[in-house]
Amino acid sequence: MLTLAVDQKIAQKIDRRPHALVVGSGFGGLAAAVRLGARGYRVTVLERLTQPGGRARVHRQDGFTFDAGPTIVTAPQLFEELWQLAGRRLSDDVMLVPMDPFYRIRFADGTSFAYSGDVDRMRAEVARFAPDDVAGYDRFMAHSRAVCRIGFEQLGHVPFGSVGSMLKIAPDLLRLSGHRSVHDVVARFIRDERLRTVFSFHPLLIGGNPFRASAIYCLIADLERRWGVHFAMGGTGQLVDGLVRLIRSQGGRLRLGVEVTRIRVEAGAATGVDLTSGETIAADLVVSNADSAVTHARLLPEAQRWSSGRFQRARSSMGLFVWYFGTSRRFPKVDHHTILLGPRYRDLLADIFDRKVLAEDASLYLHRPTATDPSLAPPGCDAFYVLAPVPNLAGGQDWHALAEPYRRRIAAMLEESVLPGLSEAIVTSKVTTPLDFQDDFLSYRGSGFGLEPVLTQSAWFRPHNRSSSIRNLYLVGAGTHPGAGLPGVLSSARILDSVVPDARVTA
Ligand SMILES: Cc1cc2nc3c(=O)[nH]c(=O)nc-3n(C[C@H](O)[C@H](O)[C@H](O)COP(=O)(O)OP(=O)(O)OC[C@H]3O[C@@H](n4cnc5c(N)ncnc54)[C@H](O)[C@@H]3O)c2cc1C
């Protein structure tokens, strides 16, 4: 052991590669680390929590494994690319399995829609609800395709560092109705109210209100259909662990339990970071994967911080209430991904996003990973999480007092709908509220997904991936361009390849 430690010290001493520091080990930070490692940097990732992954951390409790956050893996090619950069294949480390259906969407009246990637089955599902909408569904998917080609394939990897780059895409944005909301555009193609919900709910997966998220997010329907919805066997945590192994294989380091208090800036350039412990670490460049608002509130020197007006104007995504629970028996009729819609749609979203009140009703996402991978629970048991979008902390809810009554309310909704007999079957339970998002991930207003994805906070209007005021400072993650969700944060790291100098040339 002693020899190993000494060897590591010597190895670090003679490692003359330029040093890159990554603040935060969310998927954006881990992906940035792999990319920088592949481009010749000696990378150190600094994470304040005691495990990597950020929102994708894992809760292990009483023999159950709960992925804390992302469960729906889309655009797997973005992961594959990271593995290739490190000279491996994704399948060497992680087994992704396609989901079919992607989700079951259950309406308040008990009817449900099986949402899949199979066009014929989707047409049949649409016809079951409203035969007249089948042609509209086809046209919507063609529209989604066009938006995906531009919004994801072309623009998702553009840095948007200048206003000129934004002006260049303005005609495309207008043509694709980017100035309108997702729901507006869906409603242009589809008439049935329930189907409008089915095809417009996607922005909620990345922190947006479908009634005001830019219609650019109509691209998600095509993105899912083309590249599928997948689950990582063993849980999303396997992707996190795999990325950490890639970073180590490149000679990079991950330090857990260390919090950055300040990004050091000298003569207009980032030169390192200070930690709460008093340690200072020097670097040739710094990448912040911390919440973009918090980076601009606390980590940067005063002169470079956002003004109070900018903070007030910033729209944060909604908060999330997540209840992880294990049951002593299995519920085989429940799919892997179920969306349980409450009686209200637009009005519930207005409660959450605008009025910021905790409503009596709720729409829920229920995750049952043991439908695909029973190893995530003890034999004969099921692991679940249920997620309810709720107001972020700007709503002023006292979550210390509300958490347990709200959990009980949600348990009752599940018991009455898809999990009869739930209360007698619960054997383990854990709740997280927007307060935990604030305290654990240092998330501004405890939001679930960083800045809300509205047009005025997208592309050039979103915090840039290369700081415009500080040299050698870069930002990745949900609160930066292009935005939240695994494809978004992996793309934010991908953009670094076009704005960070290649150390293999400059070293
Ligand atoms: C419950 C939930 C479910 C979701 N489901 C899906 C899904 O199914 N599919 C999907 O694609 N997306 C999903 N998302 C969204 C997706 O998980 C996130 O957008 C993405 O994981 C965020 O990654 P990030 O790079 O922004 O980093 P984060 O996950 O936000 O991690 C940032 C890290 O930085 C650390 N940090 C912050 N400040 C400091 C500091 N000063 N010093 C050191 N470390 C610091 C934090 O501790 C944290 O670990 C979900 C999100 C949640 C919350």
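That block above? That's the structure.
Residues numbered from 1 in each chain as written. Predicted model: local features only at pLDDT ≥ 70, side-chain atom pairs only at ≥ 80, totals over all residues. Heavy atoms only, no water.

## Section: the overall build of the chain
Part 1 of the argument: Helix and strand counts for the chain stand at 19 helices and 20 strands.
Part 2 of the argument: Against the globule reference of 23 Å for 507 residues, the chain gives a C-alpha radius of gyration of 22 Å, in line with a compact fold.
Part 3 of the argument: Counting over 507 residues, the chain shows a buried share of 60%.
Part 4 of the argument: The contacts in the chain between residues at least 6 apart in sequence include a share of 73% that link residues at least 24 apart.
Part 5 of the argument: Of the roughly 20100 Å² of accessible surface on the chain, 52% is carried by carbon and sulfur atoms.
Part 6 of the argument: Taking the average location of the 60 positive side-chain charges in the chain and that of its 51 negative ones, the two points are 5 Å from each other. (Helix = DSSP H or I, 4+ residues; strand = E, 2+ residues; numbered from the N terminus. Rg over C-alpha atoms; globule rule 2.2 N^0.38 Å. Buried < 20%, exposed > 50% of the residue type's maximum accessible area, 1.4 Å probe, protein only. Contact = heavy atoms within 4.5 Å. Areas by Shrake-Rupley, 256 points an atom, 1.4 Å probe, with all protein chains shown as cover. Lys, Arg positive; Asp, Glu negative; His and termini not counted. Charge placed at Lys NZ, Arg CZ, Asp CG, Glu CD.)

## Things to note about helix α2 (residues 27-38)
Part 1 of the argument: With 12 residues, α2 extends 17 Å from end C-alpha to end C-alpha; this agrees with the ideal 16 Å at 1.5 Å per step.
Part 2 of the argument: A large share of α2 lies buried, amounting to 12 of its 12 residues.
Part 3 of the argument: Inspection of α2 places Phe27, Gly28, Gly29, Leu30, Ala31, Ala32, Ala33, Val34, Arg35, Leu36, Gly37 and Ala38 among the buried residues, and these make up the whole buried set. (Expected span 1.5 Å × (residues − 1).)

## A word on the packing of helix α6 (residues 134-154) against helix α10 (residues 219-227)
Part 1 of the argument: It is the contact of α6 with α10, at a shortest axis distance of 7 Å, that shows an interaxial angle of 90°. Judged by the angle between their axes, α6 and α10 are roughly perpendicular. For the pair α6 and α10, the contacting residues are Phe140, Met141, Ser144, Arg145, Val147, Cys148, Gly151, Phe152 and Glu153 in the first and Leu219, Ala221, Asp222, Leu223, Arg225, Arg226 and Trp227 in the second.
Part 2 of the argument: Of the residues in the contact of α6 with α10, the class split is nine nonpolar, two polar and five charged. (Axes fitted to C-alpha atoms, helices over the stretch in contact; angles between N-to-C directions. Parallel < 35°, antiparallel > 145°, perpendicular 65-115°, else oblique. Nonpolar A, V, L, I, M, F, W, Y, C, P; charged D, E, K, R; others polar.)

## Re the pairing of strand β15 (residues 319-327)
Part 1 of the argument: The buried count for β15 comes to nine of nine residues, which makes it a mostly enclosed element.
Part 2 of the argument: Of the two faces of β15, the one lined by Gly319, Phe321, Trp323, Phe325 and Thr327 and the one lined by Leu320, Val322, Tyr324 and Gly326 are each fully buried.
Part 3 of the argument: Two elements, β15 and strand β19 (residues 426-432), share six bridges in a ladder whose sense is antiparallel. Paired with threonine 327 across the strands is isoleucine 426, a residue of β19. (Pairing = 2+ DSSP bridges.)

## Quick notes on the sheet that holds strand β9 (residues 229-232)
Part 1 of the argument: The strand order β5-β9-β6 describes an open sheet built from three strands, whose pairing is antiparallel. Each edge of the open sheet is held by one strand with a lone partner, namely β5 (73-74) and β6 (96-98).
Part 2 of the argument: In this structure, β5 lies alongside β9, joined through two bridges in antiparallel fashion. Note that in β9 the partner of threonine 74 across the bridge is valine 229.

## Some points on the sheet that holds strand β7 (residues 103-106)
Part 1 of the argument: The strand order across the open sheet built from seven strands is β8-β7-β16-β17-β18-β15-β19, with neighbouring strands paired in mixed fashion. Of all the strands in the sheet, the pair left with one neighbour each is β8 (112-115) and β19. The sheet shows a mean angle of 20° between the axes of neighbouring strands, taken without regard to direction.

## Structural notes on the pairing of strand β18 (residues 382-390)
Each regular strand carries side chains that alternate between the two faces of the sheet.
Part 1 of the argument: Judged by how many residues are buried, β18 sits mostly within the fold: nine of nine residues are covered.
Part 2 of the argument: Residues Asp382, Phe384, Val386, Ala388 and Val390 of β18 are buried on one face, and the alternating residues Ala383, Tyr385, Leu387 and Pro389, pointing to the opposite face, are buried as well.
Part 3 of the argument: The pairing of β15 with β18 spans nine bridges and is classified as antiparallel. Counted as the bridge partner of phenylalanine 325 is phenylalanine 384 from β18.
Part 4 of the argument: Direction of pairing for strand β17 (residues 364-367) relative to β18: antiparallel, over a ladder of three bridges.

## Structural notes on helix α5 (residues 119-129)
Part 1 of the argument: Along α5, the positions that sit buried rather than exposed are Met122, Glu125, Val126 and Phe129. Each buried residue of α5 sits inside an arc of 100° when the element is viewed along its axis, so together they form one side. Seen from the open side of α5, the exposed residues pointing more than 90 degrees away from its buried face are Asp120 and Arg128.
Part 2 of the argument: Among the structural elements, β8, α6 and α9 (193-200) are those in contact with the buried residues of α5.
Part 3 of the argument: For α5, the N-terminal cap is aspartate 118; the gap from its side-chain oxygen to the backbone nitrogen of aspartate 120 is 3.1 Å. (Arc of directions from axis to C-beta. Polar contact = N/O pair within 3.5 Å; in protein donor to acceptor, adjacent residues only side chain to side chain.)

## As for unusual backbone geometry
Part 1 of the argument: Backbone torsion omega between aspartate 100 and proline 101 reads 0°, so that peptide bond is classified as cis.
Part 2 of the argument: Tracing the backbone shows proline 101 in the loop between β6 and β7.
Part 3 of the argument: For serine 177, which is not glycine, the phi dihedral falls at a positive 65°.
Part 4 of the argument: Relative to the helices and strands, serine 177 is located in the loop between α7 (163-175) and α8 (182-189).

## Some remarks on empty space enclosed by the protein
Part 1 of the argument: Overall, the coordinates contain one cavity of 30 Å³ or more when judged by the stated rule.
Part 2 of the argument: Computed from the structure, the largest cavity encloses a volume of approximately 30 Å³.
Part 3 of the argument: Considering the residues around the largest cavity, the lining is formed by Phe102, Tyr115, Ser116, Gly117, Met122, Tyr137, Met141, Ala221 and Arg225.
Part 4 of the argument: If you list the elements that add at least two residues to the lining of the largest cavity, you get α6 and α10. (1 Å grid on protein atoms, 1.4 Å probe; cavity = no way out; pocket = protein on both sides within 12 Å on 5 of 7 lines; lining within 4 Å. Points joined across faces, edges and corners; volume = space filled by probe spheres on them.)

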